[in-house]
Amino acid sequence: SGEEAAADRDYLRRLGVAGFAAANIMLLSVSVWSGGGGDMSPALKGLFHWLSALIAMPAVVYAGQPFFRSARAALAAGRVNMDVPISLGVTLATAMSVYQTIRGSEQVYFDAAVTLLFFLLVGRALDNHVRTRAAGAAANLLGLRSSFATVVEAGGTTRRVASDALSAGMQLLTAAGERFAADGRVVAGRSEIDESLITGETRPRTVAVGDLVYAGTINLGQPVTIEAVATHERTLVAEIARLMSAAEQGRARYVRLADRAARLYAPAVHALSLATFLGWLALGFGWEPALTAAIAVLIITCPCALALAVPAVQVAATSRLFARGVLVKSPDALERIAEIDMVAFDKTGTLTIGEPRLPAGADVADTVLARAAALAGLSRHPYARAVVEAARGRALAVPPAGEVKEAAGLGLALAGSDGEERLGSARWCGVDAGPEASLWYRPAKGPAAPIPLEDQIRSDAAAVTRALAADALVVEPVGDGRAVR
């Protein structure tokens, strides 16, 4: 969404400022320390320190805002988190370095403060990038909802309205090929709908009066009228998108564990730093060396490894999976993969291609296939499209059919001078017994002919299931899935 993308750009800008400042301050620091043998005059060293201060102070103020805001919010809530010692250490290191620059001392640490911010921002930017990339899935899901709907008024008139202006109880007319704009019950008409958005099943479902349909699904057959029961943000697809967004914005288990540890870790770090400061004073050192040592404790104990390692691993792993067509929605999914002991496959679109096709070598005459394709030419049903593709694959001449009528859940019919041709289920074509087939074609005169269609198994399905079984995982089909060995 726009907010996640804006946050992504904001982190990148702050990261760029911190990196640019750290690189330039480091160059000045190398010049100062390499000239410490006496080749560089004190005035020139002081100039380099002031240049470092002029670079570091605005960079720290700008680049450190994410940590400062988080620390301030935690303290306002009466608790501490990892950002509290980070903010304290960076602020004290910068302030102490400015004080030492004013005094003309050599003990300045602008490079340490800005470099620390740079590396911590790398982790924050990577973590936010993962969230932004995954959040697009929920936004894409919501984008599949219809933006407009046709409302049927009491007098039978219709009007087009925006989908976010709908309310429960309205009657909505959905034409063939349109997406439903709301969850509702069918009050008039009969059709077939594509619910793959909701269920993942590519086979259409027949709906009639009283059946429930969901926003975002596609009407494949005849126009139907529904009475809305849930609209806009209360639809099933909106609820799924919210669940996805909640999962994407969650935190991985080990990151949550680190946050819980911070409740003890941060106070312990603060206590250790204070003890260091008091200990150095007790040993007779001045407040400046004591404060410098205390600041060093805060910076050294900063959890840089955790802040960098977890986001870096998540970005690397999720990017590799995304390139292979796998979207990681939950931040702890990578951790839970190591604990699974069973893999269950719903065959539609997983072990199979998800598109019905005429098997190679199927015993279907060219004349039968050509006439069936003529009837199926204008239908959106997956079986009808499969017949048309099979006819094209054989390079058959498919003449355009006339007024083809489609009966939802049954099939297609074309009336002619010799009688009626039909394409559809066995019952629709008057077949009481015969070979099992997905479709039947019945000519105007003569017996019906079967047209077998199947959802082809993916070429790598067997290799995948064997590889999973070799890793001591139980592999099981679910629903009407078939085992692949």
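The structure displayed is predicted, hence computed values, not measured ones. (Residues numbered from 1 in each chain as written. Predicted model: local features only at pLDDT ≥ 70, side-chain atom pairs only at ≥ 80, totals over all residues. Heavy atoms only, no water.)

Colleague: Explain the overall build of the protein chain here, please?
Modeller: Of regular secondary structure, the protein chain possesses 14 helices and 18 strands. For the protein chain, buried positions account for 41% of its 485 residues. Put simply, of all contacts in the protein chain between residues at least 6 apart along the chain, 64% involve residues at least 24 apart. By element, 60% of the accessible surface of the protein chain is carried by carbon and sulfur atoms, the whole surface being about 25100 Å². (Helix = DSSP H or I, 4+ residues; strand = E, 2+ residues; numbered from the N terminus. Buried < 20%, exposed > 50% of the residue type's maximum accessible area, 1.4 Å probe, protein only. Contact = heavy atoms within 4.5 Å. Areas by Shrake-Rupley, 256 points an atom, 1.4 Å probe, with all protein chains shown as cover.)

Colleague: Can you walk me through the sheet that holds strand 5 (residues 191–194) in this structure?
Modeller: Two pairing modes exist for strands in a sheet, parallel and antiparallel, and in both the strands are linked by backbone hydrogen bonds. Pairing is antiparallel across the open sheet formed by 3 strands, whose spatial order is 6-5-8. Since the sheet does not close on itself, it has two edges, and those belong to strand 6 (205–207) and strand 8 (218–219), each with one partner. (Pairing = 2+ DSSP bridges.)

Colleague: Whenever I open this one, the pairing of strand 15 (residues 439–442) confuses me. Can you help?
Modeller: It is a general feature of regular strands that their side chains alternate between the two faces of the sheet. Sheet topology places strand 14 (residues 419–424) next to strand 15; 3 bridges connect them, and they run antiparallel. In the strand pairing of strand 15, Gly424 is matched with Trp440. In this sheet, strand 16 (residues 449–451) lies alongside strand 15 in antiparallel orientation, the contact comprising 3 bridges. By the bridge assignment for strand 16, Trp440 is matched with Pro450.

Colleague: Just checking my understanding: could you explain the side chain of Thr174 for this structure?
Modeller: Its place among the elements puts Thr174 in strand 3 (residues 171–174). In this view, Thr174 contacts Arg179, Phe180, Asn219, Pro223 and Val224; residues no more than four positions away in its chain are not counted.

Colleague: Would you mind going over the pattern of salt bridges with me for this structure?
Modeller: A side chain of one charge can pair with a side chain of the opposite charge if their charged atoms are brought near each other. Evaluation of the coordinates by the stated rule reveals 11 salt bridges. One salt bridge in this structure joins Arg159 and Glu153, with 2.1 Å as the shortest N-O distance. On the basis of relative accessible area, Glu153 is assigned to the partly exposed category, the value being 29%. When the shortest N-O distance is used, the salt bridge between Glu195 and Arg205 registers 2.8 Å. Taken together, the residues Glu195 in the loop between strand 5 and helix 6 (196–199) and Arg205 in strand 6 connect sequence positions 10 residues apart. (Salt bridge = Lys/Arg side-chain N within 4 Å of Asp/Glu carboxyl O.)

Colleague: Whenever I open this one, a nonpolar patch on the surface confuses me. Can you help?
Modeller: Side chains of Leu44, Leu47, Leu51, Leu54 and Met57 sit close together on the surface and give an oily, nonpolar patch of about 410 Å² of accessible area. By the secondary structure assignment, Leu44 is in helix 2 (residues 42–63). On the basis of relative accessible area, Leu44 is assigned to the partly exposed category, the value being 34%. (Patch = residues over 30% accessible without salt bridge, like charges linked within 9 Å, V, L, I, M, F, W, Y side chains within 5 Å.)

Colleague: Just checking my understanding: could you explain the packing of helix 12 (residues 366–376) against helix 13 (residues 382–393) for this structure?
Modeller: Each pair of packed helices can be summarised by the angle the axes make with each other and by the distance between the axes. Where helix 12 contacts helix 13, the two axes come as close as 8 Å, and the packing angle between them is 135 degrees. One way to sum up the angle between helix 12 and helix 13 is to call them oblique. As helix 12 runs across helix 13, the sense of the crossing is left-handed. From helix 12, Leu369, Ala372, Ala373 and Ala376 reach across to helix 13, where they touch Ala384, Val387, Val388, Ala390 and Ala391. Split into classes, the residues belonging to the contact of helix 12 with helix 13 amount to 9 nonpolar, no polar and no charged. (Axes fitted to C-alpha atoms, helices over the stretch in contact; angles between N-to-C directions. Parallel < 35°, antiparallel > 145°, perpendicular 65-115°, else oblique. Left-handed = near helix turned anticlockwise from the far one by under 90°. Nonpolar A, V, L, I, M, F, W, Y, C, P; charged D, E, K, R; others polar.)

Colleague: Teacher, can you tell me more about the nonpolar core here?
Modeller: For soluble globular proteins, nonpolar side chains are generally found buried alongside one another. Core analysis: the largest hydrophobic core is formed by 29 residues, its most contacted members being Val60, Phe67, Val90, Phe110, Val114, Leu117 and Leu121. Looking at this core element by element, the count peaks at 8 residues for helix 5 (residues 110–143). Core analysis: the second largest hydrophobic core is formed by 26 residues, Val368, Leu423, Ala449 and Leu453 among them. (Core = buried A, V, L, I, M, F, W, Y, C linked by side-chain atoms within 4.5 Å.)

Colleague: How should the environment of Leu51 be read in this particular structure?
Modeller: Of note, Leu51 is situated in helix 2. The exposure class of Leu51 is partly exposed, given its relative accessible area of 35%. Residues Leu51 and Asn24 lie 27 residues apart in sequence; the distance between their C-alpha atoms is 9.6 Å.

Colleague: Help me understand the packing of helix 4 (residues 83–103) against helix 9 (residues 287–300), please; the structure alone is not making it clear to me.
Modeller: At a minimum axis distance of 9 Å, the contact between helix 4 and helix 9 shows a crossing angle of 145 degrees. Classified by chirality, the crossing of helix 9 by helix 4 is left-handed. Touching Pro85, Leu88, Gly89, Leu92, Ala93, Met96, Tyr99, Gln100 and Arg103 of helix 4 are Trp287, Glu288, Leu291, Thr292, Ile295, Leu298 and Ile299, all from helix 9. Tallied by class, the residues present in the contact of helix 4 with helix 9 amount to 11 nonpolar, 3 polar and 2 charged.

Colleague: Please clarify how the sheet that holds strand 13 (residues 411–416) should be interpreted in this entry.
Modeller: One open sheet holds the 5 strands; their spatial order is 12-13-14-15-16, and the pairing between them is antiparallel. Strands at the two margins of the open sheet, each flanked by one partner only, are strand 12 (404–407) and strand 16. With strand direction ignored, the average angle separating the axes of adjacent strands in the sheet is 25 degrees. Across the sheet, helix 12 is in contact with strand 12, strand 13, strand 14, strand 15 and strand 16; its angle to strand 14 comes to roughly 85 degrees.

Colleague: What is the right way to read the packing of aromatic side chains from this model?
Modeller: Geometry of an aromatic ring pair is reported as the spacing of the ring centres plus the angle between the planes. Tallied over the entire structure, the rule returns 3 aromatic pairs. Where Tyr99 meets Trp287, the ring centres are 5.5 Å apart and the plane angle is 50 degrees; that geometry is what we call tilted. Within this pair, whereas Tyr99 is found in helix 4, its partner Trp287 is found in helix 9, the two being separated by 188 residues in sequence. Relative accessible area serves as the criterion here: at 33%, Tyr99 is assigned to the partly exposed category. Residue class for Trp287 comes out partly exposed when judged on its relative accessible area of 42%. Considering the side-chain rings of Phe118 and Phe119, the 5.4 Å spacing of their centres and the 70 degrees angle between planes classify their relative orientation as edge-to-face. Note on Phe118: relative accessible area 25%, which makes it partly exposed. Taking the relative accessible area as the measure of exposure, Phe119 reaches 40% and is therefore partly exposed. Looking at Arg14, its charged tip hangs above the ring of Tyr62, at a distance of 4.5 Å from the centre. The ring of Trp428 has Arg422 sitting right over it, with the charged end atom 3.8 Å from the ring centre. (Phe/Tyr/Trp six-rings, centres within 6.5 Å; stacked < 30°, edge-to-face > 60°. Lys NZ or Arg CZ within 6 Å of the ring centre and 35° of its normal.)

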